[in-house]
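Structure at a glance
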Amino acid sequence: MVDAMSDTFDPQAFLAKIESIVKKDAPLLTVSRIEDDLYVVSFPGHNKQVWIKAADDGTKFRIYKSLVTTTKPAQLGQISPAGEGFLGEVLANYQDEVGRPQN
């Protein structure tokens, strides 16, 4: 998200956008800030994570799903940006995947 007054990336607006998508599509997940334009969404107690990096001035998302706890994935800059609908779908599927009890 770009602050119209200063024409710079607004990390608070980007975080608010991610949090609203999480609240709507995957309310059991938590959002953690790594950098101003990079966040990790996770299910408490699980190693799997979804990394979200701002793209196109924060109007789109680069999404990387990791099966293990990792440091910042190097691939994030190479991933094609996606919109809010796709991010919501990825997060809902992730919540379904990690939120079900293991037998």
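Values in this document were obtained by computation on a predicted structure and should not be read as measured data. (Residues numbered from 1 in each chain as written. Predicted model: local features only at pLDDT ≥ 70, side-chain atom pairs only at ≥ 80, totals over all residues. Heavy atoms only, no water.)

Let's talk about the nonpolar core
Counting residues in hydrophobic clusters, the biggest one holds 21 residues, and the most contacted among them are I18, L29, V41, V50, I52, F61 and L91. If you list the elements that add at least two residues to this core, you get α1 (11-25), β4 (38-42), β5 (49-55), β6 (60-66) and α2 (84-99). Look past the residues within four positions of L91 in its chain and what remains in contact with it is I21, V22, A26, L29, V41 and V50. Judged by nonpolar contacts, the second largest core, of five residues, contains L38, V40, L76 and I79. (Core = buried A, V, L, I, M, F, W, Y, C linked by side-chain atoms within 4.5 Å. Buried < 20%, exposed > 50% of the residue type's maximum accessible area, 1.4 Å probe, protein only. Helix = DSSP H or I, 4+ residues; strand = E, 2+ residues; numbered from the N terminus. Contact = heavy atoms within 4.5 Å.)

Some remarks on the sheet that holds strand β3 (residues 30-35)
Strands sit in the order β3-β4-β5-β6 across an open sheet of four strands; the sheet is antiparallel. Looking at strand neighbours, the two that pair on one side only are β3 and β6, the edges of this open sheet. In this sheet, adjacent strand axes meet at a mean angle of 25 degrees when their direction is disregarded. Two elements, β4 and β5, share five bridges in a ladder whose sense is antiparallel. Of the residues in β5, the one forming a bridge with Y39 is I52. Here α2 sits on the sheet and contacts β4, β5 and β6; the angle it forms with β6, its principal contact strand, is near 20 degrees. (Pairing = 2+ DSSP bridges. Axes fitted to C-alpha atoms, helices over the stretch in contact; angles between N-to-C directions.)

Brief notes about the packing of aromatic side chains
Applying the stated criterion across every chain, the model contains three aromatic pairs. With centroids separated by 5.9 Å and ring planes inclined at 45 degrees, the aromatic side chains of F14 and Y39 adopt a geometry described as tilted. With F14 in helix α1 and Y39 in strand β4, this pair connects stretches of sequence that are 25 residues apart. In this structure, F14 and Y39 share a single accessibility class: buried. Through a chain of ring-to-ring contacts, the aromatic side chains of F9, F14, Y39 and F61 assemble into a single cluster. (Phe/Tyr/Trp six-rings, centres within 6.5 Å; stacked < 30°, edge-to-face > 60°.)

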